[in-house]
Structures are given as structure tokens and as C-alpha cells.
Amino acid sequence: MMRVGKFALIIAGSLAATSFVAAARQPTDRAALRAPTDFADLSQGRERSLALFAEMGKVIQHPRCLNCHPRTDRPTQGDAMTPHSPSVVRGKDGHGAPGLHCDTCHGTTNFDFADGSGSVPGDQHWHLAPAEMAWAGKSQGEICRQLKDPSRNGGKSLAALIEHNAKDGLVGWGWNPGAGREPAPGSQRLFGELTAAWVENGAHCPD
Amino acid sequence: MTEHSEPIVPETTRRQMLAGAGALVFSFLVMPPARAVTSGRARSHPFQPNAFLKIGADSSVTVIVKHVEFGQGAATGLATLIAEELDADWSQLRIEFAHNDDGLYKNLRMGTMAVGGSTSMANSWTQMRTAGATARAVLVAAAAKRWRVPEQSISVSKGRIASGCKSTSFGELVADAAKLPVPTDVPLKAPNRFTLIGTRLPKLDSAAKSDGTAMFTVDVKLPGMVYALVAHPPKFGAVPAGFDGSAAMAIPGVRKVAAVKSGVAVFADSFPTALKARSALQIRWDDSKAETRSTTELFAEAARLADEPGFTVVENGAYPAALPEGAREIEAIYYLPHLAHAPMETLDAVMRARDGKLDVWLGSQFQVKETAAIAGELGIAEKDALLHQCYAGGSFGRRATPGNEFDIEAGQVCRAWGGPEPVKFLWTREDDIRGGFYRPVMVHKLRAAIAADGQIIGWDHRAAGQSIVIGTPLGGGAVKRGFDKMMIEGADEPGYRLNGHRLSIGVLESPIPVNWWRSVGHSHTAYVVEAFLDRLFAASGVDPVAGRLALLEDQRALAVVHRVAEMADWQRPRTAERTLGVAYAKSFGSYVAQIVEVSRGSDGLPRVHKVWAAVDCGIAINPDIIRAQIEGGIGFALGHALYGEITLGQGGEVEQSNFHDYRSLRIGEMPEVDVAIIPSDADPTGIGEPGVPPLAPAVANAWRKLTGEVVERLPFTRSIRSASQA
Amino acid sequence: MTSFTLNGKKTVFAGDPEMPLLWVLRDEFGLTGTKYGCGIAQCGACTVHVNGKSRRSCVTPVGSLTGKEVTTIEGASSPPAKALKTAWADLDVPQCGFCQSGQIMSAAALLTEVGSPTDQDIDNALAGNICRCATYQRIRRAIKLAASRMGHE
């Protein structure tokens, strides 16, 4: 990309071994997710792969994703990731409890409040990620290994994982989350490309 | 016979009582004559001896309910009193709501139609019974005439009138009864003859509220009706300085945009369209007189005011200059935030001003005053304004305000519309949460000393916060007296023997409107008195139940504390994970003691498993309704103690807006509640509010015992660190 | 034009498909048993059934209901719904009553799926229904009473 990108690459390279903790959340904007080409300066294979995963981490550990990949049986909500109000539970299959399913409130598309104050997010298939796909509170390394493990990622091969990240509707919602919610950085297309590039470079996980 | 403090009775009843005789006799007061009822109904209800009931040829007994029914059970309660003295069968009873007429329907304690101060039953006790007894007397006279038998030979039971082997229904006598004179002097039953009062009668509104047919104001639909909303300023005390409604008017279905005193009104063909229109308004606000302080600043100001001389309410001996051997002294400062009432049905009104006449549909708490306030804005005389009373979806005090501000606003909205079409005006939930009329913000400073023998030897209490009535049309009494009693009721006479008791209050002035949130002053005074007292006991090793028993003087107070301790098995040690806490408060004439069982929840907050409550509210008209009010009062109190606060940020704008950030108790958080009602012969006292005050301090007391943490600022989420990180 | 079934009857709404179902029900069709409490799916007062499952009508664009079955409190007549309405009145559950239509609809959705709900089931199913009067203890008892009357424990 540009001068800024090159500078950032140097930083990324020197921090490649560090796993970013999902702590302080900086305001992100759509330009804040780099493309695979921005990592061309890193050597192929492990070094580049780790840097690419760290970049994917900006999406994976964004509230849009973490809120529905909870460690417990209850999702969190909002940019501040506060307990979901009302206090809903996962239920048997991640679609909520009898009498209060996810789709009791969440429709197939985002629903904007008439006064512009916010929205109820929606998607064709609104539900919680299964417990074995919990990400909240985990390190990038733990998440990475989980993502690669067919016994914990819904039986996906790496190719299927790329497809999921690039094309899945609910994943895609993260970039079109409705009023009152900060979108995940970049775009689903970029996220898919980063995933592909990460896999291409060996799908390495940080420690 | 238990000793009890003298009940407040209307002046005429007191004269009757003094006049003697075993049965209460009735005098001139009250029975508003039948002519006050509109004749249109006469055909189906031929017998209408007074303004409170009518009996049809089908034997139905329709009670005209003078109080709003907003969940407290007043409609059923009033009907019970009538049915009792009438000797009707409960299945005959129906209810209708009274229209606006103080001459017929005023609250006898308040001088106007009103529900407030938990007085619905207390003020109606004699009046409704007399209404029923009067009707019974006429039916008996009619039967006596028809059967040519002496009246003394006639008995009435479960809606049947009988003499010897003759028997008939009410319905068969109503035509005759309508022609007979209505006596003004009828005996009432002695309590030992009650067959309905004191029993669990099913409520008359439960079925309609369980199948969607109960009609609330917001459900009223009339031909040609327009929907109105008002855009309110973000800061209290700000006024509109100009607006541009063109974007709003461009939206299809938007009919009009107009200024009112409280903001800018939009009128549209539907509620969603009105919402869109309101969001499209461009309004300039004049903030020059607005409240711009934050809650933090308001608390600081109130804390400062508490130390100024202010108004002295109690001065009962001096605080000891030096403490005797073995005495303990503690000090505390408590911060109680603004609270929203947030009834489930937001404020609303339907109005139709046409040909110089006004029809109003409202779930009105102050029926005459509110209707008059609306009519006043329209230049319509009170006599030309008719209220069609509806059920109200909760109030907790919100639906009545000292200055009838909502009604004035509604009247202005109707006037701004300017047409003969009905106008449905409502507040959104955001309007409700942000619209003020909160429980006042209060700061309480206490310093007290307890002697080695458990006697309180000094109790210095300085409170400061907002007054509810000073500066309003109801403020006269407060100004005369020098202070607003509603600010500190419960702290002035907590019922304990307090030596060296001093209480002073300072008034924090602010444009933020405040109101009588369920249990009013008791909502915060009971918290500080009971939590502080408990700490005083702890400091000197006194058991909280025994300590209270040693200091209470009223037998009825002692009885409820004894009873609740028994219910909860207070003496039995609990596990380390669960503790008990106790609190007592007398409010609105009723005595309530509560014990709670608490553990630390997974969110770090108190988890209340169970609440035991012992209640003495005089004669228990309907024990199940009493239990329901205590259960509800406990749940209401708990949700607010745990989560409830309205906070103003920097610059004075309310930070909350809806139920996602004005958090309400949910079913999973509701404790199990066990209520015991102490049998009593005293006239009935209030029950809508008295369940609220003891709950929060009981929880605070249990929490302190469990964790050592003292909660001096409510809500609990504010004070408990681990909870705020959840 | 949105065509759907409303309380068993084929119904057409010719207005804005973006209008929330809540207002269509209340103001167009006069079915006022379903209530407005918050408008943002936080309180549950607006709960109806869509194809038998609970839905908050305040955040449901009417256009999304094409071809679906909508049931309101007025039309709820399944065995669980009937048992609940009766139990609600028998136990004098309602105080102000404004939330109760929503409570019953959520409870009916629960009982349709779970014949003998535990306390936890009830907590989970009705977590979205606020009662400011705090009638929760009786709501719980009424659900259990209805369940037991329907032949379960």
C-alpha cells in the first residue's frame, strides 16, 4: 500500500511473536483492516502467517464477534460487551431457551428504531456460537488452535474455514450490524482474503 | 385488645363514634343521591340509591368505583365493602369507573377525587359500607312491603332476600325499590359478622387483564383520531427557542407541527409516523434556566446543604457532649439517587374538544383536578368536561403530580391541534425515563451513639434534597410548617425510642421535577434509618431483632417484628454463604417488618432468595390483595435497590433512556415472598406502599453481615465493585 | 400489500410494510391486548406468536409476516393458552395488568415446548417480560398450575 502501510509492517514484524490480548479497544474504522498484500514484505510461511492471524484477530476479537462467542451460556451485548439485556441463555442448540429464542427479538434483518436511537440486530440465522467455539476471554493463540481443530470448529477443513469467513451470512453481519453498533474493521471480503492468505502461509498460530 | 395509635378518621365519623351506640350510625355525610347518575343507564339499572351502586333487573350489582384501578386492587376493595353490607353474592358484582365529580366521589381524606398515600380503602371504609347498607335497607323495605311482613323478619344473604318460606332475588325487587325513599341512617355490621371482608375474594378485573380485553387509555380508538407526541428538551428547565418542522411535515402522514410550553408537538396518522416526525424536528433550546449540574454535583450540593441550619424538624433533647463509658458512636453519609416510577403504561391521554365540550379518556389518579387542568388549557368549563376513566397500567405515584403537569401539557397539545378530531397523546418510554418527576435525590448524614445497654443516647440526622411540594400548588402546608414533611417522613417518627433525636432538612433547588415515588419519603428515610440503626447495633454487639424490640414502643410495631422473626426462624444460624437481614417501617398507618435471606450472586450482587414479611394494616379487607401488594412492593423495592438510578451526566442530561439502561427486576431475580397478616380490629390502613420501605435496608443489613460491605450509595450496582465490572 | 393469517383469519394489510406489527395490530386491527411498553424489545409487553413461537411485535416489520400465522392474546386458544388464561385469573396474577398479555404469550410459547417447566425454564422463558408491579411470584405459580392442569406434574 503506502508509506503508512510499510511503517506498520515494520511494527507488525517486530511484534509478530506477541499475542495481543483482547484488552483496550481502540476505535476502528473501515480502513483499519489491512489486506494480505500489506504483508508482502514479511517472509512467507510462519512469520507472515502469524502476522496475518494477528490482523484477523482485529475482527475475531471485535465485540461484534465476541458477543456471540461467549465463554458462558449467556451472550454479551453492545460495544462495551455488557451482559445481554434481557438475560437470555444459550438453550439446547444455541438458539435460546423455550419461550425466549433468539428470534423472539432478533429478526432476519436489522431493525432500526423509528427515532434513530439504535436498532435490534438481525440476520437470517441469529444464534450463539456453540460452547466449543467460545472466544471471549481467550488468547489469540487459543482461539487460533480452536479454529483449526475440526472437533471444535464444526468439522471444517481449512478450506471450509476460508469459505465460512468469506461467505457466511452471520459472519458477514459483523460488517453491517445496524445503527448504534460499530462494525468490525475492514470488510468480510478482506477478512476472507486474510484467512486465505493465513492458510496459504501455513495457518500458524501464535503461542 | 391491642393498643394502637389512634386511626385518622374523617371528622363526621368521629362525631358518630362519640355519639355512641354499638353500631356505627350514618349521618348526613356522603350518600350522594341517585339523581347524579345519568339517566341513560336507568333502564338497565332501575335501582340506584346513591352514586356508588346500581342494581339491575338481572340482579347484577354495579359498583361505581371512585378510585383509579392501577393494580392496587381498589376496584375490588370498594366493591367488597359494598357487597358485604348489601349481602350480595360476589358473583353479582360488576365494576364501572366514576366520572369526574368531587361532590360525589372525592377521596374523603384528600378533599378531591384521588388515590394517594395508600388511602383508597381507608377513606372509603365507612362510605362504601354505608352505600351498601343503604341499598340493602331499601331492598328490605321493598320486600317487606311486597310480602306484607315486618322488616325484622327479613334476612338477606348471598344476594337472596327471604322471609319465612318466601324468597326472591335483588333483581325482582329493584323496580319497587326504586320508588322507595332512601334512608340516611343505617346500621353497619359489626366485624364479627363479616362474610366477605376478610376473605380471599377473586378480583373483579383479573379475567379481563388475563385475556387482553381490559381497556387502558392507550387502547382507546375513536374515529378520525390523530396521534400526538411532544419533543421535550434534553435538559430540565430548558424551553423551546425556535424550531423547524419542515422535514417533519414532509413525511407522509404527518398532519401538523406546533409549539407547546413543554416542547414541540407533532400530530400524525399513526404512532410510528409521529415518532419519525418528532425525530425529524430541528429544535433550538434555550438552556439559560436549565439544570446543568450532574448527579455528582447534585449529591455534592445536597451534602453541603445538609450541614447548613435548614429546617429543624425534630429537636428532642441534646446530643451528648461526652459519651458515657461503653458507648459506641458511628457516622455515615447516605446518597440516594433519583428514581423513575416507570409504570408499564406510559403517560397518555385521549381528548376530544368539540362544540365547547371536552371528553377525556384517562387512567386518572386525580380525576377532577386532571380533567380540569386539561379543560383549562382549552378554555372549556369544568362542567363541560367529562372524564371517561380507564384502567391505568401502573403508576407508583407517577400518574398524579402536584401541578398536574402532564394534563396541562395534554391540554395544550389538544389546543394546538385545534380541530374536533380526537387526539391521542402519549409519552414514549424514552420520554418517561427522561421526563423527570423522579423520586427526589437525597443525601442523609447521620451520627448516633448507643449506650452499653442498647439505648440510643444521641441521634443527629441531617437530610437534604429536593422537596416534592414546595413551589407547587400543594406547597402551602409545607411553607406554613416550615418544611415539606414528604421529604423526611419516617425519619421524624421512626418509632424507636431515640434520646437526643435531632432532625433537620435542607432543600436543594433544581428545575428537575420530582414526585411522590411509591412510599415517598419512606423510600429513602427507611433505608438510612434502618441500615444505620443496624450498624449501630452491630457496633455494640446487639442482635438486630432484639435491639429493635428493645427500642420500639408501639405494640403493633413490636408484634410485626416478633412475628417476622418467628417466620424466618431468626435464631437459627444460617450458613456462611447465606445471611438474614431485618428491617421495620411504619408508613401510611401500616406496620411492616421484613427479613430477607441473601447470598452473593454470580454477578457479585446480593441475591435475595426469600423475604418474610409481617404486616399489620388494620382490618384485612382482602388478605390476598394485601399479600399481592406486599409481594409487589418487595419486588419493586428490590429492583430499584439493586439497579435503579436516574443519573445526570456532565451538563445535566439524563443518562438513561429505556429499560436497557434503567434496569428493572426480572422474574429470575424475584425472591420467594411469604406474608403474614396480623389480625386486627383497627380501621384499615394503607397497603399499596408500605411493603416498599423495609426491603432495601433489610437487604443492605444482610449484605453487611455477609460481606462486611456497607452500602451508602444506592443502587447496589453503584456501590459494589465486583458488580460494576460484570 | 402484506397477506398473513391473523388469529386464524386471512388478513391483508395495505400500508407501509415497515410499520411495526405492534401498531398494525393495535391501531389498524383494533387488537389492543398487545401492548407498547418500550418499543425496543426490552420489556415483552408486545409479545405475540408468529407460527406458534413468541415474537416481539414492536420490532417486527409487518412486511416480514407474509404467509405467516400471527396469534395475539385475543386469539390465543391453544390448550396451553387457555389453561394459562384461566390459571392467571384463578390466582389473581394481574395487578395493573399492562404486561400480562405479553407474559401469557411467552408462557404459552414455553408450555408448547416444555410441558412441565422447571423454575429455571420459567426464568429463562420469561426473562424478557418485565412486570413493574412484580407479580412474578404469581406468574410462576400460574404457569405451574396451568401445566399441572394440562396433565403434567
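Residues numbered from 1 in each chain as written. Chains lettered and ligands numbered in written order. Predicted model: local features only at pLDDT ≥ 70, side-chain atom pairs only at ≥ 80, totals over all residues. Heavy atoms only, no water.

Draft legend 1. Fine view of the state of the cysteines. Per the counting criterion, the structure on display carries one disulfide over all chains. Two residues share a disulfide in this structure: Cys144(A) and Cys205(A), whose sulfurs sit 1.9 Å from each other. Because the sign of the S-S torsion sets the handedness, a value of about -80 degrees for the bond joining Cys144(A) and Cys205(A) places this disulfide among the left-handed ones. You can see Cys144(A) sitting in helix α5 (residues 140-148) and its partner Cys205(A) sitting in the segment after α8 (188-200), a full 61 residues away along the chain. Like Cys205(A), Cys144(A) is buried. The cysteine Cys65(A) is free of any disulfide, with Cys68(A) supplying the nearest cysteine sulfur at 8.9 Å. Exposure remark for Cys65(A): the relative accessible area of 17% places this residue in the buried category. Cysteine Cys46(C) is unpaired, with the sulfur of Cys58(C) as its nearest cysteine sulfur at 3.7 Å. Assessed through its relative accessible area of 3%, Cys46(C) is described here as buried. (Disulfide = S-S within 2.5 Å. Helix = DSSP H or I, 4+ residues; strand = E, 2+ residues; numbered from the N terminus. Buried < 20%, exposed > 50% of the residue type's maximum accessible area, 1.4 Å probe, protein only.)

Draft legend 2. Spotlight on the packing of helix α15 (residues 522-539) of chain B against helix α19 (residues 695-707) of chain B. Residue and element names in this part refer to chain B. It is at 8 Å that the axes of α15 and α19 come closest, and there the two elements cross at 30 degrees. Judged by the angle between their axes, α15 and α19 are roughly parallel. Viewed along their axes, α15 and α19 form a crossing whose handedness is right-handed. Residue-level inspection shows Ala526, Tyr527, Glu530, Ala531, Asp534, Arg535 and Ala538 of α15 in contact with α19, the latter providing Ala696, Pro697, Ala700, Asn701 and Arg704. When grouped by side-chain class, the residues that make up the contact of α15 with α19 number seven nonpolar, one polar and four charged. (Axes fitted to C-alpha atoms, helices over the stretch in contact; angles between N-to-C directions. Parallel < 35°, antiparallel > 145°, perpendicular 65-115°, else oblique. Left-handed = near helix turned anticlockwise from the far one by under 90°. Contact = heavy atoms within 4.5 Å. Nonpolar A, V, L, I, M, F, W, Y, C, P; charged D, E, K, R; others polar.)

Draft legend 3. Quick look at the packing of aromatic side chains. Summed over the entire model, instances satisfying the criterion amount to 23 aromatic pairs over all chains. Both rings, one in Phe53(A) and one in Trp198(A), keep their centres 5.2 Å apart while their planes meet at 45 degrees; by these two values the pair is tilted. Within this pair, whereas Phe53(A) is found in helix α2 (residues 46-60), its partner Trp198(A) is found in helix α8, the two being separated by 145 residues in sequence. Classification of Trp198(A) as buried rests on a relative accessible area of 0%. When the centroid spacing of 5.6 Å and the interplanar angle of 80 degrees are considered together, the rings of Phe52(B) and Tyr105(B) count as edge-to-face. Of this pair, Phe52(B) sits in the loop between β1 (47-50) and β2 (53-55) while Tyr105(B) sits in helix α3 (residues 102-105), placing them 53 residues apart in sequence. With a relative accessible area of 0%, Phe52(B) lands in the buried category. Overall, Tyr105(B) belongs to the buried group, its relative accessible area being 2%. What links up through ring pairs into an aromatic cluster is the set Phe97(B), Phe216(B), Tyr391(B) and Phe98(C). (Phe/Tyr/Trp six-rings, centres within 6.5 Å; stacked < 30°, edge-to-face > 60°.)

Draft legend 4. The arrangement of helix α3 (residues 100-113) of chain C in detail. Residues and elements named next belong to chain C. Relative to the 20 Å expected for 14 residues at 1.5 Å per residue, α3 spans 20 Å between its end C-alpha atoms, a close match to the ideal helical length. Of all 14 residues in α3, twelve are buried; the element is thus mostly enclosed. Where α3 is concerned, the buried positions are Gln100, Ser101, Gly102, Gln103, Ile104, Met105, Ser106, Ala107, Ala108, Ala109, Leu110 and Leu111. (Expected span 1.5 Å × (residues − 1).)

Draft legend 5. Spotlight on the pairing of strand β17 (residues 385-389) of chain B. Residue and element names in this part refer to chain B. Where burial is concerned, the two faces of β17 differ: the one with Ala385, Leu387 and Gln389 is buried and the one with Leu386 and His388 is not. With five bridges connecting them, strand β16 (residues 357-362) and β17 associate as parallel partners. In the strand pairing of β17, Leu362 is matched with Gln389. In terms of handedness, the path from β16 via helix α10 (residues 367-378) over to β17 forms a crossover that is right-handed. (Pairing = 2+ DSSP bridges. Right-handed = clockwise from strand over helix to strand, strands pointing away.)

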